[in-house]
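Residue-level structure breakdown
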Amino acid sequence: MKKIFDNITMIMYLIVSITLIIFSIIIIVYSIYDLFNNLFFNNSNLRTEENIILLVLQASWAIIISAAIVDVSKYMFEEEVLEYKKEIKRAKEARETLTKIIVIISIAVAIEWLIYIFKAWVEDIRLLVYPSILIISSTSMVVWLWIYHKLTIEPNRFNNQKK
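What counts and how
Every residue gets a number counted from 1 within its own chain, in the order that chain's sequence is written. Residue-level local features of this predicted model are given only where pLDDT is at least 70; pairs of side-chain atoms are given and counted only at 80 or more, and the full residue set underlies all totals for whole chains, interfaces and linings. Values reported for side chains reflect all heavy atoms of the structure, with hydrogen atoms and water molecules removed beforehand. In DSSP terms, a helix is any run of H or I states spanning at least four residues, a strand is any run of E spanning at least two, and both are numbered starting from the N terminus. The rule is simple: take the accessible area with a 1.4 Å probe, protein chains only, and divide by the maximum for that residue type; under 20% is buried, over 50% is exposed, in between is partly exposed. What sets the accessible areas is the Shrake-Rupley method with a 1.4 Å probe; for residues, cover comes only from the shown protein chains. Each patch is built from salt-bridge-free residues with over 30% relative accessible area, joining like charges within 9 Å and nonpolar side chains (Val, Leu, Ile, Met, Phe, Trp, Tyr) within 5 Å. For this analysis, a salt bridge means a side-chain nitrogen from Lys or Arg found within 4 Å of a carboxyl oxygen belonging to Asp or Glu. To estimate the expected span of a helix, subtract one from its residue number and multiply by 1.5 Å. We call two residues contacting when some pair of their heavy atoms lies within 4.5 Å. Here the positive residues are Lys and Arg and the negative ones are Asp and Glu; neither His nor the chain ends is included. Ring pairs are drawn from Phe, Tyr and Trp, using the six-membered ring of Trp, whenever the two centres fall within 6.5 Å, and their geometry is named by plane angle: stacked under 30 degrees, edge-to-face over 60, tilted for the rest.

**Re the overall build of the protein chain**
When helices and strands are tallied, the protein chain shows four helices and zero strands. Taken over 163 residues, the protein chain has a buried fraction of 23%. By element, 70% of the accessible surface of the protein chain is carried by carbon and sulfur atoms, the whole surface being about 11500 Å².

**What to know about the environment of Ile18**
Looking at where Ile18 falls in the secondary structure, it is placed in helix H1 (residues 2-41). A C-alpha to C-alpha distance of 9.6 Å links Ile18 and Val70, two positions 52 residues apart in sequence.

**Let's talk about the environment of Phe23**
Checked against the element boundaries, Phe23 lands in helix H1. On a C-alpha basis, the gap between Phe23 and Ile69 in space is 8.4 Å, while along the polypeptide they are 46 residues apart.

**Looking at a nonpolar patch on the surface**
A cluster of nonpolar side chains, contributed by Met1, Ile4, Ile8, Ile11, Met12 and Ile15, occupies part of the molecular surface with about 660 Å² of accessible area. Tracing the backbone through its elements, the reader meets Met12 in helix H1.

**Section: H1**
Taking 1.5 Å per residue, 40 residues should reach 58 Å; H1 reaches 56 Å between its end C-alpha atoms and fits that length. Elements in contact with the buried residues of H1: helix H2 (49-82).

**What about the side chain of Asp71?**
One can find Asp71 in helix H2. Buried charged residue Asp71 carries no salt bridge. Nearest counter-charge: Lys100, at 4.0 Å. Contacts of Asp71, omitting those with residues within four sequence positions, involve Lys100, Ile101 and Ile104.

**Overview of H2**
A rise of 1.5 Å per residue sets the reference length of H2, with its 34 residues, at 50 Å; its end C-alpha atoms lie 48 Å apart and thus fit the reference within 8%. Just downstream of H2, Glu83 is the residue with a positive phi angle, here 50 degrees.

**Description of the packing of aromatic side chains**
Applying the stated rule across the entire model yields two aromatic pairs. Plain terms: the ring middles of Tyr30 and Tyr33 are 6.0 Å apart, the flat faces sit at 45 degrees to each other, and that makes the pair tilted. Taken together, the residues span about one helical turn, with Tyr30 and Tyr33 both in helix H1 at a distance of three residues. A centroid spacing of 5.6 Å and a plane angle of 20 degrees characterise the contact between Phe36 and Phe40, whose relative ring orientation is stacked. Here Phe36 and its partner Phe40 are both found in helix H1, four residues apart, which amounts to about one turn of the helix. Overall, Phe40 belongs to the exposed group, its relative accessible area being 52%.

Spatial relationships are all this shows, so hold off on functional conclusions.
Take a look at the structure:
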């Protein structure tokens, strides 16, 4: 019974991994399509410097989010479908994957901050509240990641020196 359940969950993780990759590709293709469509084929009155910068930032944001989705999918596939990692490497690789995903998300939040800063600059300075929350969030993510590394790496160094 356990073997059947393990096979079913492995198939589900495989389906989810493939679906995430497909979604990521769709996001990338659509963001590039939207960027080029708005830059070259839409009304030329909309091609102001502010709109071009916003379009490029939004496309960059979407591509960075897609990269994070691919990393999550890759990790899920390797850990749950292939299950080839050794137990000793798991903590280190999990930490590296978590770091990569948090950094990518933090960069995406910072780009979102840039988009809203730019919108506030163009439209209304009172819109700066949301970008302020975003930059605080992005910064706190990096700080908490640093704390996580300090708490997880330092004990491992101490344990290795003790032996």
